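So you can see what is in the structure, the chains are spelled out below.
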Amino acid sequence: MTTTRQWLIAGCPRGRPVEDSDFELVTKDLPPPGPGQMLLKTHYLGFDPAQKGWMENIADYVAPTEIGEVMRGSGISEVVESNGGKFPVGTMVIGSTGWTEYHLSDGEGLVPCDPALPPTAMMSVLGTTGLTAYCGLFKIGKPVAGDTVLVSGAAGATGSIVGQLAKIAGCRVVGIAGGPEKCAWLVEEAGYDAAIDYKAGGLKAAIKQHCPNGVDVIFDNVGGAILDDMLSQIATNARVVICGGISRYETGQMPAGPQNYFNLIFRRATMTGFIVLDWASEFPEIRKRLAGFVKGGRLAFREDIQHGFENAPQAMQRLFSGANRGKQMLKL
């Protein structure tokens, strides 16, 4: 028997922030791996704002969650025991593990980490974060060289990659983030052409100043009033990519619809939402492309790694306070 700690869902944070009491820490015994199974040890957990939506049972693209089940989430794990399993002992893999120290698997849905990069890269730039940035930008935004791309939540794990990919595509890139430290990082490290601190006020005027010829591609991770201000400056035939809505996660309510949506008509623009899983069959090839950018020094990624399995709830809460810098992870 292997003893493991697990975090279970104990509350539904709809209409309020995530709290420590929404989770329960328990201990469970796992049996030895059966035929074709492996025992894996979790080394890192990854966190995304969408996890709150899963707990609220608002997102209908995933199965509903229930009180008492293991909290869902991605993890990087090591195969420590195998009974004829898919991967040999010692292999580092990424997949949907849930918040658990050890877990059993037949290998379904697990992807080996790129041995030429740190394992955490598979959680950030080569994981759902990087795949979301790539697919949203190129499948929906369809940027061409010379376009102006405007990204909200630009210093976040996804937004920072979106801007760099747009630069690789030959675009001019402007980011919106909260605070001078994040804005400085966007320009100095992530290569953004300009960054706007929305906390400083005057967002609409700042967008007009930095995007005088209009915005060709909007990549929105925030929603609400910030999306409304971005829509005020779209160019003719603009593409608006709706990736997420961090502004709604604290309240649990959908943000008010943008007042400037009629600009979609005036500018003959489109606004499209997406779920990255729609392109799952292309993930292996996209990962290779992203890995090439990283190895070539053209794509930087930022990681915020907290420590200690007992701190998983607090690590998740960092997403909604803006405390995280880059992809939020937890090292067990």
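Residues numbered from 1 in each chain as written. Predicted model: local features only at pLDDT ≥ 70, side-chain atom pairs only at ≥ 80, totals over all residues. Heavy atoms only, no water.

A.B. asks: Sorry, what's going on with the packing of aromatic side chains here?
C.D. replies: For any pair of aromatic rings, geometry is given as the distance between the ring centres together with the angle between the planes. Scanning all chains against the criterion turns up seven aromatic pairs. Relative to Trp99, the ring of Phe47 has its centre 5.5 Å away and its plane inclined at 70°; by these criteria the two rings are edge-to-face. A residue pair is termed long-range when its members are at least 10 positions apart, and Phe47 in strand β3 (residues 37-47) and Trp99 in the loop between β5 (92-96) and β6 (102-105) qualify at 52 residues. For the residue pair Phe47 and Trp99, the accessibility class agrees, reading buried in each case. Counting every residue linked through ring pairs, the aromatic cluster contains Phe23, Phe47 and Trp99. (Phe/Tyr/Trp six-rings, centres within 6.5 Å; stacked < 30°, edge-to-face > 60°. Helix = DSSP H or I, 4+ residues; strand = E, 2+ residues; numbered from the N terminus. Buried < 20%, exposed > 50% of the residue type's maximum accessible area, 1.4 Å probe, protein only.)

A.B. asks: Sorry, what's going on with the packing of helix α5 (residues 203-210) against helix α6 (residues 224-231) here?
C.D. replies: Two quantities define a packed helix pair, namely the angle between the axes and the distance from one axis to the other. Look at α5 against α6: their axes get within 9 Å of each other, and the N-to-C directions meet at 40°. Of the two possible hands of crossing, α5 and α6 adopt the one that is right-handed. Contacts between α5 and α6 involve Leu203, Lys204 and Ile207 from the former and Ile226, Asp229 and Met230 from the latter. (Axes fitted to C-alpha atoms, helices over the stretch in contact; angles between N-to-C directions. Left-handed = near helix turned anticlockwise from the far one by under 90°. Contact = heavy atoms within 4.5 Å.)

A.B. asks: Where do I start with the pattern of salt bridges in this structure?
C.D. replies: Think of it this way: side chains of opposite charge can pair up when their charged atoms draw near. Under the counting rule described, the total for this entry stands at 13 salt bridges. The residue Asp193 makes a salt bridge to Lys167 at a minimum N-O spacing of 3.0 Å. With a gap of 26 residues between them, Asp193 in the loop between α4 (180-188) and β10 (194-197) and Lys167 in helix α3 (residues 157-168) connect regions that are remote in the sequence. You can call Asp193 partly exposed: its relative accessible area is 37%. Each of Arg5, Glu101 and Glu310 takes part in a single network of salt bridges with overlapping partners. (Salt bridge = Lys/Arg side-chain N within 4 Å of Asp/Glu carboxyl O.)

A.B. asks: What am I meant to see in the pairing of strand β15 (residues 327-331) here?
C.D. replies: Both faces of the sheet carry side chains from a regular strand, because those side chains alternate between them. Most of β15 sits out of view: four of its five residues are buried. With four bridges joining them, β3 and β15 adopt antiparallel strand pairing. Bridge assignment links Leu45 to a residue of β15, and that residue is Leu330. Two elements, strand β14 (residues 303-307) and β15, share five bridges in a ladder whose sense is parallel. When the bridges of β15 are listed, Glu303 appears paired with Lys327. (Pairing = 2+ DSSP bridges.)

A.B. asks: Just checking my understanding: could you explain α5 for this structure?
C.D. replies: An α-helical turn contains 3.6 residues, so a residue and the one three or four places further along point in the same direction. Those residues of α5 that sit buried are Leu203, Ala206 and Ile207. Along the long axis of α5, the arc covered by the buried residues comes to 100°, so they all point the same way. Exposed positions of α5 whose direction lies more than 90 degrees from the buried face are Ala205, Lys208 and Gln209. Elements in contact with the buried residues of α5: β8 (148-152), β9 (172-177), β10 and α6. (Arc of directions from axis to C-beta.)

A.B. asks: Please clarify how the sheet that holds strand β11 (residues 215-220) should be interpreted in this entry.
C.D. replies: For sheets, the rule is that strands pair by backbone hydrogen bonds, running either parallel or antiparallel. One open sheet accounts for six strands, arranged β10-β9-β8-β11-β12-β13; its pairing is parallel. The sheet is open, and its two borders are formed by β10 and β13 (270-273), each paired with just one other strand. Pairwise comparison of adjacent strand axes, ignoring direction, gives a mean angle of 15° for this sheet. As judged from the three bridges shared by β8 and β11, these two strands associate in the parallel manner. From the neighbouring strand, Leu150 faces β11, where its bridge partner is Ile218. The strands touched by helix α2 (residues 128-141) are β11, β12 (234-242) and β13; relative to β11, the strand with the most contacts, the crossing angle is about 145°.

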